[in-house]
Amino acid sequence: MIEFDHVVMNFGKKDVLKDVSFSIIKGEIFTFIGPSGSGKTTLLRLIDMLERPTSGKILIDGTNVTKLRDRAKIQVRRKMSMVFQKPSPLRGSVYANIAIGLQFRNVNADEISRRVSESLELVGLEGYEERKAITLSGGEMQRVAIARAITTKPDVLLLDEPTANLDPVATEKIEGMIGDLKKRFGITIILSTHDMVQGQRLADRIAVVIDGRIGQIGTSKQIFYQPMNRAVAHMVGVADILDGVVTENEAGLAAIDVNGVRIAAGSGVSPGTPVTIYMRPEDITFYEKDSIRSSARNKFTGRIIEVVPMGPMVRLKVDAGVKLTAVITQRSFEELGLALGKETELTFKASAIHVVERTDTD
Amino acid sequence: MNEIVEGIRQAIQLIVSLNPEVLDITARSLYISLSATLVASLIAIPIGGFIHFKQFGGKRGLITIIQALYALPTVLVGLLVWLLLSRSGPFGFLQLLFTPTGMIIGQTVLIVPLMIGMTLIALSGVSQTKQDTVISLGATQLQTVITIVKEARFAILGGVILGFGRAISEVGAAMIIGGNIKGYTRVLTTAIALETSIGDLPLAIALGIILLLIALIVTALLFLVQER
């Protein structure tokens, strides 16, 4: 229902979007994930027609909206709502804030009053009508902003980093609400976030936005476990990215030579092919020598060369002929008696490795 | 020294006893300056809105000129309007020279630039995000302008009050255009100038106290408005 066709966007000399094409399906939760400044917000603003692309087409329900006149634009925009990263409360009561979209559409007062209460209920702020909007907390204000956006019953809801400035409790509430909206009303929800995990929790499909381009579009599983290139892999937290060459392949089980180390991986790529392999740091496990009989095909001995505590987890860098990054719980770290400089046994499954043929451009 | 103390004593007596001449001058001053403020608001707020919301060449230059006109000397405005309204001037046929209406015109000209400037500042105080939010909620251009002006209303009102403050306290334009005719175009400032020069200190002081009170009230209002 929303389609970008070779969209380019420049602000002055800065290329914010470079040839972006994708389409969003009616009724899905579609998420743009990317670092700050990658162009996520611009994508949402283009959909809402707050910006005009430098070149390319944007189709909404089949209409190219980049060429529309103001009046027609407003008609299309009125089927959408956008919630901005920074909620901007207007002066006056919560009621006045939520009612404004309906007032713009000349809805009668009784209907407005009914729909405002309905929206407040949806965001869990029943009875907040008379409060002054500017006195609300950040989380409450963001919920009011969502109520304000949904009270017009949009077909498409655009959310720009809806939880970026909120604490975990408020974030959970908002995320729950987003899921509800899709389930109850079948609204198409398009959101941007820099939080991978939030993308995974909410989205039907994810588009990874890196430096003004879409790096990959797919389900969270595809993005997290089968990144298409280095940039996407980095973005989604795949820490182990190694270049090698396939030396054997037996019925989908490939042996890959990485810097003299033989790594087994599930892949159909034929021998002699240069490849890049990707592995998530959580997929590496450590064990005491001779303690387990693992079905994993990849077993190595290595020396721990870096230890970085990350709350309940620990990130380790191990030199096992190739340098590998692993994340384990603080508890296993202690139980295994691991420490900087120590030798350790580690293993990972052939199926945990994602193999991509290497091309010159990658 | 005695003369001053005596002057202040008599001045207070004039105010407390509601002296008809004092009341008459005060009422006329308020009428003329409030009218000028109203007319100037009707001109300055829409122009300020237009400049803020429209993109056009020379916008920056225009704003700079407007800002320069904040300090427009009152006697210069007096002279300019006098030339326009005088018998041989282009608007002489209206016969507005030495009338309260003429004074309203003069004060309006004087405070319009200030009020346009204040409107611009007030509107740019409304964040771009807020404006985008309003547009994204489905507002037409007109609805957007109205909503943003409403958002900035207290800041705009601050500019209006400032304009009134300048109008009621100016003497140059009122003197030149009004002519300080007793019972017709005599206002607080022109009366003070005259009474002081002819030595009627109690009346001058009484009017001065009233002018000071008005200024204080205006400042207090401005403070209250900006606290909102």
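Residues numbered from 1 in each chain as written. Chains lettered and ligands numbered in written order. Predicted model: local features only at pLDDT ≥ 70, side-chain atom pairs only at ≥ 80, totals over all residues. Heavy atoms only, no water.

Even after reading the chapter, I still don't get a positive patch on the surface, so can you show me in this structure?
A cluster of basic residues, Arg91 and Lys132 of chain A together with Lys150 and Arg153 of chain B, forms a positive patch at the surface. Relative to the helices and strands, lysine 150 of chain B resides in helix 7 (residues 141–151). (Patch = residues over 30% accessible without salt bridge, like charges linked within 9 Å, V, L, I, M, F, W, Y side chains within 5 Å. Areas by Shrake-Rupley, 256 points an atom, 1.4 Å probe, with all protein chains shown as cover. Salt bridge = Lys/Arg side-chain N within 4 Å of Asp/Glu carboxyl O. Lys, Arg positive; Asp, Glu negative; His and termini not counted. Charge placed at Lys NZ, Arg CZ, Asp CG, Glu CD. Helix = DSSP H or I, 4+ residues; strand = E, 2+ residues; numbered from the N terminus.)

Just to check I follow, could you spell out the interface of chain A and chain B for this structure?
Quite often, the size of an interface is put as the accessible area lost when its parts meet. If you look at the interface, chain A gives 23 residues, while chain B gives 19 residues. Buried area between chain A and chain B, both sides added, is near 1,800 Å², and the carbon and sulfur share of it is 57%. Per-residue buried area on chain A facing chain B is highest for Leu90, Arg91 and Phe104 of chain A; these three make up 36% of the total on that side. Across the contact surface, chain A and chain B share one salt bridge. For the pair chain A and chain B, the number of links is eight residue pairs in polar contact (both at pLDDT 80 or more). Elements with a minimum of two residues in the side of chain A that touches chain B: helix 2 (70–77), strand 6 (80–83), helix 3 (94–104) and helix 5 (138–150) of chain A. Of all the elements, helix 3 of chain A adds the most residues to the side of chain A that touches chain B, at four residues. For the side of chain A that touches chain B, the class distribution of residues is ten nonpolar, four polar and nine charged. (Contact = heavy atoms within 4.5 Å. Buried area = accessible area lost by both parts, 1.4 Å probe. Polar contact = N/O pair within 3.5 Å; in protein donor to acceptor, adjacent residues only side chain to side chain. Nonpolar A, V, L, I, M, F, W, Y, C, P; charged D, E, K, R; others polar.)

I'm lost on the domain arrangement of chain A in this one. Help?
All names here are of chain A. Along its sequence, chain A is organised into domain 1 (2–234) and domain 2 (238–357). Between domain 1 and domain 2, the C-alpha centre-to-centre distance is 39 Å. Contacts between the two partners involve nine residues from domain 1, matched on the other side by nine residues from domain 2. A combined buried area of about 800 Å² lies between domain 1 and domain 2, and 53% of that area is made up of carbon and sulfur atoms. Of all residues in domain 1, Tyr225, Arg230 and Ala233 give up the largest surface area on contact with domain 2, accounting jointly for 53% of the area buried on that side. (Domains from an automatic or database assignment.)

What is the right way to look at the pairing of strand 9 (residues 205–210) of chain A in this model?
Looking along a regular strand, one sees the side chains alternate between the two faces of the sheet. All names here are of chain A. With four bridges joining them, strand 3 (residues 29–33) and strand 9 adopt parallel strand pairing. Along strand 9, the bridge assignment pairs isoleucine 33 with valine 208. Remark: two residues form the turn of the hairpin made by strand 9 and strand 10 (residues 213–218), two consecutive strands paired antiparallel; aspartate 211 in that turn has positive phi of roughly 50 degrees. (Pairing = 2+ DSSP bridges.)

Got a minute to help me understand the sheet that holds strand 9 of chain A in this structure?
Strands pair in a sheet through their backbones, by hydrogen bonds, and they do so in one of two ways: parallel or antiparallel. All names here are of chain A. Spatially, six strands are ordered 6-7-8-3-9-10 in an open sheet, and the strand pairing comes out mixed. For this open sheet the edge positions go to strand 6 and strand 10, each flanked by a neighbour on one side alone. Recorded for the sheet is a direction-independent mean angle of 15 degrees between the axes of neighbouring strands. Note: strand 6 against strand 7 (residues 156–160), four bridges, orientation parallel. In the strand pairing of strand 7, methionine 80 is matched with valine 156. (Axes fitted to C-alpha atoms, helices over the stretch in contact; angles between N-to-C directions.)

What's the story with the pattern of salt bridges in this structure? I'm lost.
Two side chains of opposite charge can pair, provided their charged atoms sit close to one another. Residue and element names in this part refer to chain A. Per the counting criterion, the structure on display carries 22 salt bridges over all chains. Residue lysine 18 is joined to aspartate 211 by a salt bridge in which the shortest nitrogen-to-oxygen separation is 3.2 Å. With lysine 18 in strand 2 (residues 14–24) and aspartate 211 in the loop between strand 9 and strand 10, the pair connects residues that are 193 residues apart, well separated along the chain. Between arginine 114 and glutamate 111 there is a salt bridge, with the nearest N and O atoms lying 3.2 Å from each other. Of this pair, arginine 114 and glutamate 111 both sit in helix 4 (residues 109–122), separated by three residues, roughly a single helical turn. Residue arginine 114 is classed as partly exposed on the basis of its relative accessible area, which comes to 44%. Each member of the salt-bridge network shares a partner with another, and the members are Glu111, Arg114, Arg115, Glu118 and Lys153. (Buried < 20%, exposed > 50% of the residue type's maximum accessible area, 1.4 Å probe, protein only.)

Could you clarify how one ought to interpret the environment of phenylalanine 185 of chain A in this entry?
All names here are of chain A. Along the chain, the position of phenylalanine 185 falls in helix 6 (residues 168–185). Here phenylalanine 185 falls in the partly exposed class, since its relative accessible area comes to 45%. Separated by 167 residues in sequence, phenylalanine 185 and lysine 18 have C-alpha atoms that sit 34 Å apart. Excluding residues within four positions of it along the chain, phenylalanine 185 makes contact with Leu122 and Asp180.

How do you make sense of the packing of helix 3 of chain A against helix 4 of chain A when you look at a structure like this?
The axes of two packed helices give the description: the angle between them and the distance between them. Residues and elements named next belong to chain A. Two elements in contact, helix 3 and helix 4, have axes whose closest approach is 9 Å; the angle formed by their N-to-C orientations is 120 degrees. Relative to helix 4, helix 3 is oriented oblique. Of the two possible hands of crossing, helix 3 and helix 4 adopt the one that is right-handed. Only Ala109, Ile112, Ser113, Arg115, Val116, Ser119 and Leu120 of helix 4 make contact with helix 3, whose side of the interface consists of Val94, Tyr95, Ile98, Ala99, Leu102 and Gln103. Considered class by class, the residues forming the contact of helix 3 with helix 4 number nine nonpolar, three polar and one charged. (Parallel < 35°, antiparallel > 145°, perpendicular 65-115°, else oblique. Left-handed = near helix turned anticlockwise from the far one by under 90°.)

What is the right way to read unusual backbone geometry from this model?
Peptide bonds are trans in most cases, and residues, glycine excluded, mostly fall at negative phi. Residue and element names in this part refer to chain A. If you check the backbone angles, lysine 153 has positive phi at about 50 degrees while not being a glycine. Following the sequence through the fold, lysine 153 ends up in the loop between helix 5 and strand 7. Take lysine 153: its relative accessible area is 48%, and that puts it in the partly exposed class. Its identity is not glycine, yet aspartate 211 carries a phi of approximately 50 degrees, on the positive side. For aspartate 211, a relative accessible area of 52% corresponds to the exposed category.

Before we go on, may I ask you to explain the side chain of threonine 133 of chain B in this structure?
Within the secondary structure, threonine 133 of chain B is located in helix 6 (residues 128–136). Setting aside its immediate chain neighbours within four residues, threonine 133 of chain B contacts Phe84, Ser88 and Arg148 of chain A.

Where do I start with the packing of helix 3 of chain A against helix 5 of chain A in this structure?
Residue and element names in this part refer to chain A. Taken N-terminus to C-terminus, the directions of helix 3 and helix 5 make an angle of 30 degrees; their axes are 7 Å apart at the nearest point. Read as a crossing pair, helix 3 and helix 5 show a hand that is right-handed. Within the contact between the two elements, helix 3 uses Val94, Asn97, Ile98 and Ile100 and helix 5 uses Val144, Ala147 and Arg148. Partitioned by chemical class, the residues of the contact of helix 3 with helix 5 number five nonpolar, one polar and one charged.

Would you mind going over the pairing of strand 3 of chain A with me for this structure?
Residues and elements named next belong to chain A. Of all five residues in strand 3, five are buried; the element is thus mostly enclosed. Pairing between strand 3 and strand 8 (residues 188–193): five bridges, direction parallel. Note that in strand 8 the partner of phenylalanine 32 across the bridge is serine 192.

Where do I start with the nonpolar core in this structure?
Burial of nonpolar side chains together is a common tendency in soluble globular proteins. All names here are of chain A. Of all hydrophobic cores here, the largest spans 33 residues; its most connected members are Ile146, Leu157, Leu159, Ile178 and Ile189. Counting only elements with at least two residues in this core, the list comes to helix 3, helix 4, helix 5, strand 7, helix 6 and strand 8. Here the element with the most residues in this core is helix 5; it accounts for seven residues. (Core = buried A, V, L, I, M, F, W, Y, C linked by side-chain atoms within 4.5 Å.)

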